[in-house]
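Close look at the chain arrangement
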Amino acid sequence: ANQAERQAALAALIAANPLSRWIFDPSGTPAAGIEHIRKAIGYCPSWIESLSVQYRDLFSLMRSDAPSGNGPDAPYARMMSELDIAGRIDRRDPTNVSLYLWQKTMLINFILTVLADRMEMAHSIEGRVPFLDHKVAEFTAGLPINYKIREKTEKYVLREAARDVITPELYAREKHPFIAPPLSQAGKKAASDPLRQRCEDIIRSRSFSDQPFFDAAKASAFLDSVTHGDATMATEASPIILRMATFSLMQQRFGISA
């Protein structure tokens, strides 16, 4: 497909699944550090580029004395230096490379901490994560690419395996992120959004200054900019606002330190 066709396909995908837009097509400039990835493997997976935009924005709100890890660009060079590029990445299909990078970085802590296990135990919920069985993971890693994704259909083989026990609507449903709902903008909608109001109260409170990571003045200014921004900005700002509020609550409850 040419560039115009790819852009049209992406626009259609975003229109069908707007909740995912801020994940794979955020506004803003990617971190310069992703050039280390392009240099190492020839390209940068889109999810890394998108996350770099979010974390670059998050870094701009941190305190001057917070642990910075040498800035928002440094982690990418370190990540590539710790991976087996010759053994695991070179000469592999780009889709498998993207999956490998995801598994070695984000997925390790994300699936058990954010989506299951620790989150479930914290709320006395019994849960199972069957696809983490190492035999399942090893089997799926060896499947051909067109079993994993076929045109715009993700998780193709899983959909086919469950097709006779799920509804047609669920079978054809677009993949959605498992995240908290985007926070509303200020105004009437925000007034009826208790999570938006709770986060704003936390970030503008005196106790927010006790946490050692985010600058209180920068955080308040960021909230002001979101208040006067558009709906897209409010959606993309949601994970940043939620993180700042969460860190403050963790400080109050557990006394976290830098």
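Residues numbered from 1 in each chain as written. Predicted model: local features only at pLDDT ≥ 70, side-chain atom pairs only at ≥ 80, totals over all residues. Heavy atoms only, no water.

Right, let's talk about the overall build of the protein for a bit. A tally of helices and strands in the protein yields 17 helices and two strands. Residues counted as buried form 28% of the 258 residues belonging to the protein. Taking the contacts inside the protein whose residues are at least 6 apart along the sequence as the reference set, 61% of them involve residues at least 24 apart. (Helix = DSSP H or I, 4+ residues; strand = E, 2+ residues; numbered from the N terminus. Buried < 20%, exposed > 50% of the residue type's maximum accessible area, 1.4 Å probe, protein only. Contact = heavy atoms within 4.5 Å.)

Take a nonpolar patch on the surface next. A cluster of nonpolar side chains, contributed by Phe-131, Val-136, Tyr-147, Val-157 and Leu-158, occupies part of the molecular surface with about 420 Å² of accessible area. Given a relative accessible area of 37%, Tyr-147 falls into the partly exposed group. (Patch = residues over 30% accessible without salt bridge, like charges linked within 9 Å, V, L, I, M, F, W, Y side chains within 5 Å. Areas by Shrake-Rupley, 256 points an atom, 1.4 Å probe, with all protein chains shown as cover. Salt bridge = Lys/Arg side-chain N within 4 Å of Asp/Glu carboxyl O.)

Our next topic: the environment of Ile-111. Checked against the element boundaries, Ile-111 lands in helix α8 (residues 106-115). C-alpha of Ile-111 to C-alpha of Val-129: the two residues are 18 residues apart in sequence and 8.7 Å apart in space.

Non-glycine residue Arg-91 carries a positive phi angle of around 70°. With respect to the helices and strands, the residue Arg-91 is situated in the loop between α6 (85-88) and α7 (94-104). Arg-91 gets classed as exposed once you look at its relative accessible area, which sits at 79%. The phi dihedral of Lys-155 falls on the positive side, at around 55°, and the residue is not glycine. Within the secondary structure layout, Lys-155 lies in the loop between β2 (153-154) and α12 (156-161). Among the residues examined, Lys-155 registers a relative accessible area of 45% and is labelled partly exposed.

A word on the packing of α7 against α8. Axis separation between α7 and α8 bottoms out at 3 Å; the angle between their running directions is 60°. Viewed along their axes, α7 and α8 adopt a mutual orientation that is oblique. Mapping the contact onto sequence places Trp-102, Gln-103 and Lys-104 in α7 and Met-106, Leu-107 and Ile-108 in α8. A class-by-class count of the residues in the contact of α7 with α8 yields four nonpolar, one polar and one charged. (Axes fitted to C-alpha atoms, helices over the stretch in contact; angles between N-to-C directions. Parallel < 35°, antiparallel > 145°, perpendicular 65-115°, else oblique. Nonpolar A, V, L, I, M, F, W, Y, C, P; charged D, E, K, R; others polar.)

With that settled, consider the packing of helix α15 (residues 194-203) against helix α17 (residues 231-254). Viewed as axis vectors pointing N to C, α15 and α17 meet at an angle of 55°, and their least axial separation amounts to 9 Å. Looking at the two axes, α15 sits oblique to α17. By crossing handedness, the relation of α15 to α17 is classed as left-handed. Where α15 approaches α17, its residues Leu-195, Arg-198, Cys-199, Ile-202 and Ile-203 are matched on the opposing element by Ile-241, Leu-242, Met-244, Ala-245, Ser-248 and Leu-249. Of the residues belonging to the contact of α15 with α17, the class tally is nine nonpolar, one polar and one charged. (Left-handed = near helix turned anticlockwise from the far one by under 90°.)

Another point: the layout of surface pockets. In this structure, the second largest pocket encloses a volume near 220 Å³. As for the second largest pocket, its lining consists of 13 residues, and the residues nearest its centre are Ser-27, Asp-57, Met-233, Glu-236 and Ala-237. At the level of secondary structure, the elements contributing two or more residues to the lining of the second largest pocket comprise α4 (46-59) and α17. If you tally residues by element for the lining of the second largest pocket, the top one is α17, at five residues. Here the residues of the lining of the second largest pocket are counted per class, giving seven nonpolar, three polar and three charged. (1 Å grid on protein atoms, 1.4 Å probe; cavity = no way out; pocket = protein on both sides within 12 Å on 5 of 7 lines; lining within 4 Å. Points joined across faces, edges and corners; volume = space filled by probe spheres on them.)

Here we take up the pattern of salt bridges. Taken as a whole and assessed by the stated rule, the structure comprises nine salt bridges. Residues Asp-65 and Arg-63 are paired through a salt bridge, measuring 3.0 Å at the closest nitrogen-oxygen approach. The residue Glu-160 makes a salt bridge to Arg-163 at a minimum N-O spacing of 3.4 Å. When its relative accessible area of 46% is taken as the criterion, Arg-163 is described as partly exposed. Because the salt bridges share partners, they merge into one network encompassing Arg-196, Glu-200, Arg-204 and Asp-224.

Take α17 next. Between the first and last C-alpha of α17 there are 34 Å, a value that for 24 residues agrees with the 34 Å anticipated at 1.5 Å per step. Largest kink in α17: about 40°, centred on Ala-237, with the proline Pro-239 one to four residues after it. Buried residues of α17: Ala-234, Glu-236, Ala-237, Ser-238, Pro-239, Ile-240, Ile-241, Leu-242, Met-244, Ala-245, Ser-248 and Gln-251, and no others. (Expected span 1.5 Å × (residues − 1). Bend = angle between axes of the 7 residues up to and from the residue.)

Below, the discussion takes up the packing of aromatic side chains. The full count for this structure, using the stated rule, is four aromatic pairs. Between Trp-47 and Trp-102, the ring centres sit 4.9 Å apart and the planes meet at 90°, which makes this aromatic pair edge-to-face. Pair noted here: Trp-47 is in helix α4 and Trp-102 is in helix α7, with a separation of 55 residues, a long-range link. Note on Trp-102: relative accessible area 26%, which makes it partly exposed. (Phe/Tyr/Trp six-rings, centres within 6.5 Å; stacked < 30°, edge-to-face > 60°.)

Without other data, these values stay purely geometric and don't point to any function.
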